Amino acid sequence: MEPGELFTGGAPLEVDLGCGDGSFLLAMAREFPGRHFLGVERLLGRVRKVCRKADRDGLGNVRVLRLDARYCVEWLLPPGSVTRLHLLFPDPWPKARHHKRRLVNQGFLTALAAVLAPGGEFLFKTDHAEYFEWTAGELAACPHFTTCAWPDDAFFYPRTDFETQWRAAGRGIFKLRAVRAD
Ligand SMILES: C[S@@+](CC[C@H](N)C(=O)[O-])C[C@H]1O[C@@H](n2cnc3c(N)ncnc32)[C@H](O)[C@@H]1O
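Rules used in this analysis
Residues numbered from 1 in each chain as written. Predicted model: local features only at pLDDT ≥ 70, side-chain atom pairs only at ≥ 80, totals over all residues. Heavy atoms only, no water. Pairing = 2+ DSSP bridges. Helix = DSSP H or I, 4+ residues; strand = E, 2+ residues; numbered from the N terminus. Axes fitted to C-alpha atoms, helices over the stretch in contact; angles between N-to-C directions. Contact = heavy atoms within 4.5 Å. Buried < 20%, exposed > 50% of the residue type's maximum accessible area, 1.4 Å probe, protein only. Right-handed = clockwise from strand over helix to strand, strands pointing away. Near = heavy atom within 4 Å. Polar contact = N/O pair within 3.5 Å; in protein donor to acceptor, adjacent residues only side chain to side chain. Areas by Shrake-Rupley, 256 points an atom, 1.4 Å probe, with all protein chains shown as cover. Nonpolar A, V, L, I, M, F, W, Y, C, P; charged D, E, K, R; others polar. Phe/Tyr/Trp six-rings, centres within 6.5 Å; stacked < 30°, edge-to-face > 60°.

> Help me understand the sheet that holds strand β7 (residues 174-180) in this model?
Adjacent strands of a sheet pair through backbone hydrogen bonds, lying either parallel or antiparallel. Here 7 strands make up an open sheet; going across it, the order is β3-β2-β1-β4-β5-β7-β6 and the pairing mixed. Whereas interior strands pair on both sides, the edge strands pair on one side only; in this sheet they are β3 (62-66) and β6 (145-148). When the angles between neighbouring strand axes are averaged without regard to direction, this sheet yields 20°. Against the sheet, helix α5 (residues 129-140) contacts β5 (116-126), β6 and β7, and its axis sits at roughly 15° relative to β7.

This is how it looks when you write it as structure tokens:
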């Protein structure tokens, strides 16, 4: 994809991978009209729902792609084009034989570092303690990222639909914030 195919104007671009019902994406787009927001979601019904809500709210700074998240990062997004990538409550694939399906691995992080702008950030949340440890380990092993603190009041960061559900069910929430190191 060429820069400018999704948005023109050069505003910062934030990507929400696996945006689900879009509650996070749309709340961010309302809060930051000067930024561009791209949702990536493989389920057509969810994509349509997010697009309908964005239209209804007149949010011209939102686009949604119906695509595989890994493909989007590894093959589609232009190098250096993304200021923040959000991966919020991705499928944890808890069984050991399915761990290879997890999105976060060295290949994904290397591709992500290439699409992030200098100083760009990767923000990750999960309710799954073991996937959190896995992702922390992958980030520690990756020379392209440095993890940094993420206090609750660091910046505006609305809860996603899944986060609201997990918190209501009393589950712990784990989060990681990493900056492109080079
Ligand atoms: C557990 S839900 C979380 C949704 C949202 N981020 C939230 O926190 O409310 C995971 C979402 O990622 C989407 N998803 C899973 N694998 C994907 C993939 N490979 N490419 C794109 N979307 C994917 C699912 O369809 C689902 O909407």
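> Got a minute to help me understand the environment of A69 in this structure?
Inspection of the secondary structure assignment puts A69 in helix α3 (residues 69-76). According to the relative accessible area criterion, A69 is buried, its value standing at 16%. When the C-alpha atoms of A69 and L112 are compared, they prove to be 11 Å apart, with 43 residues separating the residues in sequence. Not counting residues within four places of it along the chain, the set of residues in contact with A69 comprises L17, V40 and L103.

> How do you make sense of the pairing of β5 when you look at a structure like this?
Remark: a regular strand shows side chains that alternate across the two faces of the sheet. Burial analysis of β5 places 9 of its 11 residues in the buried class, which makes it a mostly covered element. Across 6 bridges, the pairing between strand β4 (residues 82-88) and β5 is parallel. Looking at the pairing, L87 lines up with F124 of β5. At this point the chain moves from β4, through helix α4 (residues 106-115), to the parallel β5, and the crossover so formed is right-handed. Bridge analysis of β5 against β7 gives 6 bridges, and the strand direction is antiparallel. Residue pairing for β7: L123 is matched across the bridge by R177.

> Help me understand the site of the ligand, please; the structure alone is not making it clear to me.
Taken together, the neighbourhood of the ligand is formed by 15 residues, with E41, R46, D68, L88 and T160 sitting nearest. The separation between an oxygen atom of the ligand and a polar side-chain atom of E41 is 2.6 Å. At a separation of 2.5 Å, an oxygen atom of the ligand approaches a polar side-chain atom of R46. Summarising the interface, the protein chains cover 89% of the accessible area of the ligand, which totals 590 Å² for the free molecule. Here the residues of the shell around the ligand are counted per class, giving 6 nonpolar, 3 polar and 6 charged.

> What am I meant to see in the packing of aromatic side chains here?
In this description, a pair of aromatic rings is defined by centroid distance and the angle of the planes. Across all of its chains, the model carries 11 aromatic pairs by this definition. Measuring from centroid to centroid gives 5.9 Å for F32 and F156, while their planes differ by 75°, and the two rings are edge-to-face. Taken as a pair, F32 in the loop between α1 (23-31) and β2 (36-41) and F156 in the loop between β6 and α6 (161-168) lie far apart in primary sequence, 124 residues in all. On the basis of relative accessible area, F156 is assigned to the partly exposed category, the value being 33%. Between F122 and F124, the ring centres sit 6.2 Å apart and the planes meet at 50°, which makes this aromatic pair tilted.

Treat this as a map of the structure, not an account of what it does.
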